[in-house]
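# Architecture and fold: a report
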Amino acid sequence: MIELIGFFTAFTIAVVSPGPNYLVMLNASREGTRLNCLQIALGIMIGEAIWAALALFGVAEIAERLPFVKASLALGGGLFLAYLGYGALMAGIKALGKGRAQTSQDLEPETATEPRQQPNQIGKGLLLMMLNPKAGAFWLSMTTVLLSQGYSFTVRFGILVLAVIISFAWHGSLAWLVTTKAARRALQRLGPYLDVMLG
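Residues numbered from 1 in each chain as written. Predicted model: local features only at pLDDT ≥ 70, side-chain atom pairs only at ≥ 80, totals over all residues. Heavy atoms only, no water.

With that settled, consider the side chain of Ser29. With respect to the helices and strands, Ser29 occurs in helix H2 (residues 20-31). There is a polar contact of 2.7 Å between the side chain of Ser29 and the backbone oxygen of Leu26. (Helix = DSSP H or I, 4+ residues; strand = E, 2+ residues; numbered from the N terminus. Polar contact = N/O pair within 3.5 Å; in protein donor to acceptor, adjacent residues only side chain to side chain.)

In structure tokens form, the structure reads like this:
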């Protein structure tokens, strides 16, 4: 029981700590709809379930013992983060160059970009989660710990379900929060600056 409490404490901290998920969610909230962000959260949840299943049922243990698999995951995740960072940096520079960044006094509600439904947001969230090096490193590091406890299938499945619930509860709440009118206006106003800093 103590091991499970420790695991879920570490997992919750890992989920809520800033990372690529934040960047993608913030960008989606500026031009996409609330449904877009919730779909991204759903994709992240599916990816979390896949990582958890790989760790809890022994598949990730194989990867843990194969250096080239770990190296490939690290390389893929690093390239994906570089792609996200470059995209954010270029978008911020372009917006600033065109004078789109406005102060709170200049930005009126009617001038804000209207949200638009974007396609394939679940796939975006899933890809983000599967290539997120933070998620991969966490679950690979937890593989040995979880398997060494000799948990039954039922307990392992329960861990998977609870991890998925925690993931969607946080990312779903984040999706809801960043798509409120006040948050959307603030993100549209500060978006270019955030893009440059995060990029």
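So, about the environment of Leu162. Tracing the backbone shows Leu162 in helix H8 (residues 153-178). For Leu162, a relative accessible area of 37% puts it in the partly exposed group. For the pair Leu162 and Ala49, spaced 113 residues apart in sequence, the C-alpha separation works out to 9.8 Å. (Buried < 20%, exposed > 50% of the residue type's maximum accessible area, 1.4 Å probe, protein only.)

Okay, a nonpolar patch on the surface next. Together, Phe57, Phe153, Phe157, Val161, Leu162 and Ile165 make up a nonpolar patch on the protein surface, roughly 550 Å² of accessible area in all. When you line up the elements, Phe157 lands in helix H8. (Patch = residues over 30% accessible without salt bridge, like charges linked within 9 Å, V, L, I, M, F, W, Y side chains within 5 Å. Areas by Shrake-Rupley, 256 points an atom, 1.4 Å probe, with all protein chains shown as cover. Salt bridge = Lys/Arg side-chain N within 4 Å of Asp/Glu carboxyl O.)

Right, let's get into the nonpolar core. If you look at the biggest cluster of nonpolar residues, it comprises 33 residues, and the most contacted ones within it are Phe7, Phe11, Met25, Ile40, Phe138, Trp139 and Ile159. Those elements giving two or more residues to this core turn out to be helix H1 (2-16), H2, helix H3 (34-56), helix H6 (121-130), helix H7 (133-148) and H8. No other element matches the nine residues that H3 contributes to this core. (Core = buried A, V, L, I, M, F, W, Y, C linked by side-chain atoms within 4.5 Å.)

Under the criterion given, the structure shown has nine aromatic pairs. When the ring of Phe7 is compared with that of Phe8, the centres are 5.0 Å apart and the planes differ by 70°; the resulting orientation is edge-to-face. Take Phe7 and Phe8: they sit in the same class, and that class is buried. Ring centres of Phe138 and Trp139 lie 5.4 Å apart, and the angle between their planes is 85°; on these two criteria the pair is classed as edge-to-face. (Phe/Tyr/Trp six-rings, centres within 6.5 Å; stacked < 30°, edge-to-face > 60°.)

So, on to the packing of H1 against H8. In contact at an axis separation of 10 Å, H1 and H8 are set at 30° when each is read in the N-to-C sense. As the angle between them shows, H1 and H8 are arranged roughly parallel. For the pair H1 and H8, the sense of crossing is right-handed. Taken together, the residues of H8 that come into contact with H1 (itself represented by Leu4, Phe7, Phe8, Phe11, Thr12, Val15 and Val16) are Ile159, Leu162, Ala163, Ile166, Ser167, Trp170 and His171. Of the residues in the contact of H1 with H8, the class split is eleven nonpolar, three polar and no charged. (Axes fitted to C-alpha atoms, helices over the stretch in contact; angles between N-to-C directions. Parallel < 35°, antiparallel > 145°, perpendicular 65-115°, else oblique. Left-handed = near helix turned anticlockwise from the far one by under 90°. Contact = heavy atoms within 4.5 Å. Nonpolar A, V, L, I, M, F, W, Y, C, P; charged D, E, K, R; others polar.)

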